[in-house]
Amino acid sequence: MDPVSMGLLTALAGGAGGELGRQAWTGLGELVRRPFRRGGAVVPEGSAPEGSGEAELARLARDPGDAAAARALSVVLRRRAAADAEFEERLRRWDEAARRISLTGGDVHNSISGGTFSAPVIQGRDFTGTTFGTSPADG
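This one's a predicted model, so the numbers in the text were calculated from it and none came from an experiment.

Trainee: I'd like to hear about the environment of Phe36, residue by residue, with values.
Mentor: Secondary-structure assignment places Phe36 in the loop between α2 (18–33) and β1 (37–38). In this structure the C-alpha to C-alpha distance between Phe36 and Phe87, which are 51 residues apart in sequence, comes to 7.8 Å.

Written out as structure tokens, the structure is:
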């Protein structure tokens, strides 16, 4: 499995993505706390290779800007996924869902200056299902 993006980890740890980002971060914590398994059998606590990732997750949560903490978490997640097929599948699904979250802020800063405008100017963000122009009945 490809490692989970350090940028994604630091963004989610820092609160990016709003409520969806918070839910994704919580979901990763739940996944990391799941018992380690090898071939369907639960491995005794503390014997997972290189740890479960809980310590690395907590470290990154305390300091979301810590690139070393993000790297350490990414490495532990990759190692754990390589040793636990169920964890690998769950981590892959988590990663796919987390990557779809918009991690950019919701602020919009539009400006127009100078000149003469002879048509309406529409500013905003994330226009969906909007038609610009006149309807055929207006023509």
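Trainee: Tell me about helix α3 (residues 54–62), and name the residues and values.
Mentor: When α3 is considered as a whole, its buried residues turn out to be Glu56, Leu57 and Leu60. Seen along its axis, α3 keeps its buried residues to an arc of 100°; they face one direction. Looking at α3, the residues exposed on the side facing more than 90 degrees away from the buried face are Ala55 and Arg62. Those residues of α3 hidden inside the fold are in contact with α1 (6–13), α2 and α4 (67–83).

Trainee: An account of the confidence of the model for the protein is requested, with residue identities and associated values reported.
Mentor: Confidence in the prediction of the protein, expressed as mean pLDDT, is 80, and 71% of residues score 70 or more. When pLDDT is averaged over each helix and strand of the protein, the minimum, 58, is found for strand β2 (residues 41–42) and the maximum, 94, for α3.

Trainee: Quick one: what's the story with the pattern of salt bridges, residue by residue and with numbers?
Mentor: Counted according to the given criterion, the structure contains eight salt bridges. In this structure, Glu19 and Arg22 form a salt bridge, with 2.5 Å as the shortest nitrogen-oxygen distance. Of this pair, Glu19 and Arg22 both sit in helix α2, three residues apart, roughly one helical turn. When its relative accessible area of 43% is taken as the criterion, Glu19 is described as partly exposed.

Conventions used here
- Residues numbered from 1 in each chain as written.
- Predicted model: local features only at pLDDT ≥ 70, side-chain atom pairs only at ≥ 80, totals over all residues.
- Heavy atoms only, no water.
- Helix = DSSP H or I, 4+ residues; strand = E, 2+ residues; numbered from the N terminus.
- Buried < 20%, exposed > 50% of the residue type's maximum accessible area, 1.4 Å probe, protein only.
- Arc of directions from axis to C-beta.
- Contact = heavy atoms within 4.5 Å.
- pLDDT = per-residue confidence, 0-100.
- Salt bridge = Lys/Arg side-chain N within 4 Å of Asp/Glu carboxyl O.

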